[in-house]
Amino acid sequence: MAKSRFEYVRAFENEDKLDPRHWIVIALNCLQYKKIFEVHNLLLPNDINLTDVFEASASCVMNDFKEISLCYGYKGQFSFVFQKNTGLYKRRGSKLLTNICSLMSSSFISNWCVHMKSLALEFGPTFEGNIYLFPDDQALRDYLTNCQLQCHHSNLSTTVHAALIKETKISSDEALQILKGTSEGEKNEILFTKCNINYNKEPEVFKKGTVLVRAPCKVDVKAPNGSIVQRTQSKVTKIHTDFVKNSFWSDVFQLNSGTMVNSKYSYLKEMETKTNLLPHCWIIVRIDGKGFHKFSERHNFKKPNDFRSIELMNISAKAVMLTYPDIVLSYGQSDEYSFVINRYSKILERHDYKIMSNIVSIFASTYAYNWSNLFPDESLQVSPAFDGRTVLYPNNSCLRDYLSWRQADCHINNMYNTIFWTLVQKGNCSRQSAEERLRGTFSKDKRSLLLEYNCEYDDEPEILRKGTILYRMQNSTSKDDTLSECINVCHNDIIGEEFWKERPWILGEERGARTVDLDE
Ligand code: GTP
Ligand code: MG
């Protein structure tokens, strides 16, 4: 496929490769765990069906990513452990994180329907993610043991809190007052004496959380010649176990080196990856559908363009923009979207993994949530995932070149696809002969080929030729130059000057170096 002169902006993208010989752990946290209870009137402290939704979603992630060997989770917080030597996506942190995070988010929507029966889901939750890198087996064990300890503390607290309210008929604040500063032993005591509940008898899943492990299993597979052969495949199984005990590490999750029970976990914080994106640079988050070629075939997308899918992508991008007012513009085409974050923004402390995980999560959950509205006759067969990356651009001109690069790409691909499918659908060409006819052709050749079928390329809808631009409007009523929540949709050319001249507020002035906002 032809390349545009804007291609050079690719040089700003970095590889983001995670250190070799380290355990990679992707940690996800559902940001609206409490809100899910409130909005859906679920009973605290735990709802077993909701736990099933989370567990099933984590299982979906493990089934899609065979390189994940273990997952531990409780109350909306899930950690996925990759095989130590995994080479998946060349260990690119952003690609691993965003694929897992978006798949968890979209799976949640499908699994809700399965496990919550007739209770309608009121909103799609967001998962925020980060990556931990552990140099040795001991650190991995310590991390997971610490997570399980957190699960225990959190569950004991919420259990006593909910029980006090229920059994002694006091308010939530009064219960919090009673529990303030109490030790674990005291909480157990209160639970037993005031509420007649023995914590030890509470369900294991809530006390210990959920462990999903991949175990090999033998399955019978039919060979092409009809004979049955045995193959080793892997199966995800659920257990409730103690990470403190040695038995899990020696028997179930067999580590290379021996590990011990440890009591100091504070050092783990150092192993959390954290990159703050350079200040004063434009941040682009570009997301792209995972395996959308196959996804579009499976869901019978119209070729070459399906307006339902474009609309669904645009709805999802709008949801992202509504959550983050610092996104000034987004540009979408095919299965990708680019979000432009104001260069002076302090969004999520400019923490790159936080930013990209939040964005792909909102995008994927909105996509899955709205699927049935756009595709009422196609059930969602697989949960969609999106990979994401952040790219920094130091000035307005390369930011514009970036956007021009994406719009030029849209033009090149759409022109090719339009002619290709015209040849196949109207010209009765096979896919192979259509490909051959188009090989080495220039834009003008493609246009005249199309004319043979009485189609003028420029008559194609703008939304297909130019893609979709969502941009924040300037709030004309506001005196202090703040931008309103109002988002406009258009399909204009953004390569030329006109679009930007007419909307000077989008890119704004480049501030001088002396205006660093020290006193903000
Ligand atoms: P990865 O992104 O590498 O995971 O693979 P991918 O299969 O998603 O390919 P890529 O992102 O390069 O391209 C997107 C693909 O999505 C296109 O090649 C199309 O096959 C498909 N696609 C996107 N939009 C539409 C549409 O409106 N209609 C149809 N039929 N297919 C579409
Ligand atoms: Mg894709």
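As a reminder, the structure under discussion sits directly above these lines.
Quick look at the structure, then. All values derive from a computational prediction rather than experimental measurement.

Glancing now at the overall build of the protein. Per the secondary structure count, the protein includes 16 helices and twelve strands. Computed over the C-alpha atoms, the radius of gyration of the protein is 26 Å, within 12% of the 24 Å expected from 2.2 N^0.38 for a compact globule of 520 residues. Taken over the C-alpha atoms alone, the protein extends approximately 85 × 75 × 45 Å along its principal axes. When burial is assessed residue by residue, the protein has 51% of its 520 residues classed as buried. Considering only intrachain contacts with a sequence separation of at least 6, the fraction spanning at least 24 residues in the protein is 73%. About 25,700 Å² of surface is accessible on the protein, with carbon and sulfur atoms providing 50% of the total. A distance of 4 Å separates the average location of the 64 positive side-chain charges in the protein from that of its 64 negative side-chain charges.

With that settled, consider the site of ligand 1. Neighbouring residues of ligand 1: 16 residues in total, closest Asp 288, Gly 291, Phe 292, His 293 and Asp 306. One of the backbone nitrogen or oxygen atoms of Pro 304 is found 3.2 Å away from a nitrogen atom of ligand 1. Protein coverage of the free-state accessible area of ligand 1, which is 640 Å², stands at 66%. For the shell around ligand 1, the secondary-structure elements that each account for two or more residues are β7 (282-289) and α9 (292-298).

The next point concerns helix α14 (residues 443-451). Listed as buried for α14 are Lys 446, Leu 449 and Leu 450. With its buried residues spanning 100° around the axis, α14 presents them on a single face. Structurally, α14 contributes buried residues whose contacts are with α12 (396-425) and α13 (431-438).

Evaluation of the coordinates by the stated rule reveals one cavity of 30 Å³ or more. As a volume, the largest cavity reaches approximately 160 Å³. Lining the largest cavity are 19 residues, with Tyr 33, Thr 51, Tyr 74, Lys 75 and Phe 206 positioned closest to its centre. Elements with a contribution of two residues or more to the lining of the largest cavity: α1 (33-39), α2 (48-64), β2 (68-74), α4 (137-168) and α7 (204-208). At four residues, α2 tops the list of elements feeding residues into the lining of the largest cavity. Partitioned by chemical class, the residues of the lining of the largest cavity number nine nonpolar, seven polar and three charged.

Here the magnesium ion (ligand 2) is held by the protein donor atoms Asp 288 (OD), Gly 289 (O) and Asp 335 (OD), which lie 2.0 to 2.2 Å from it. Around the magnesium ion (ligand 2), the six donor atoms sit at angles spanning 83 to 177°, and that spread fits a shape best called octahedral. Counting along the primary sequence, the residues that act as donors to the magnesium ion (ligand 2) give the motif D-G-x45-D. Residue Gly 289 is found in strand β7, and its partner Asp 335 is found in the loop between β8 (327-333) and β9 (336-341); the two are separated by 46 residues along the sequence. Pair check on accessibility: Gly 289 and Asp 335 agree, each one buried.

Take the layout of surface pockets next. Approximately 1,200 Å³ is the volume attributed to the largest pocket. Around the largest pocket, the lining is made up of 49 residues, and of these Pro 304, Ser 334, Asp 335, Asn 413 and Asn 417 lie nearest the centre. When residues of the lining of the largest pocket are assigned to their parent elements, the largest contribution, eleven residues, is made by α12. Its residues assigned to classes, the lining of the largest pocket shows 17 nonpolar, 14 polar and 18 charged.

Each value, and the rule that gives it
Residues numbered from 1 in each chain as written. Chains lettered and ligands numbered in written order. Predicted model: local features only at pLDDT ≥ 70, side-chain atom pairs only at ≥ 80, totals over all residues. Heavy atoms only, no water. Helix = DSSP H or I, 4+ residues; strand = E, 2+ residues; numbered from the N terminus. Rg over C-alpha atoms; globule rule 2.2 N^0.38 Å. Buried < 20%, exposed > 50% of the residue type's maximum accessible area, 1.4 Å probe, protein only. Contact = heavy atoms within 4.5 Å. Areas by Shrake-Rupley, 256 points an atom, 1.4 Å probe, with all protein chains shown as cover. Lys, Arg positive; Asp, Glu negative; His and termini not counted. Charge placed at Lys NZ, Arg CZ, Asp CG, Glu CD. Near = heavy atom within 4 Å. Polar contact = N/O pair within 3.5 Å; in protein donor to acceptor, adjacent residues only side chain to side chain. Arc of directions from axis to C-beta. 1 Å grid on protein atoms, 1.4 Å probe; cavity = no way out; pocket = protein on both sides within 12 Å on 5 of 7 lines; lining within 4 Å. Points joined across faces, edges and corners; volume = space filled by probe spheres on them. Nonpolar A, V, L, I, M, F, W, Y, C, P; charged D, E, K, R; others polar. Donors = N, O, S within 2.8 Å, 3.2 Å for Na, K, Ca; no water. Tetrahedral: all angles 85-135°; square planar, octahedral: opposite > 155°, others 65-115°.

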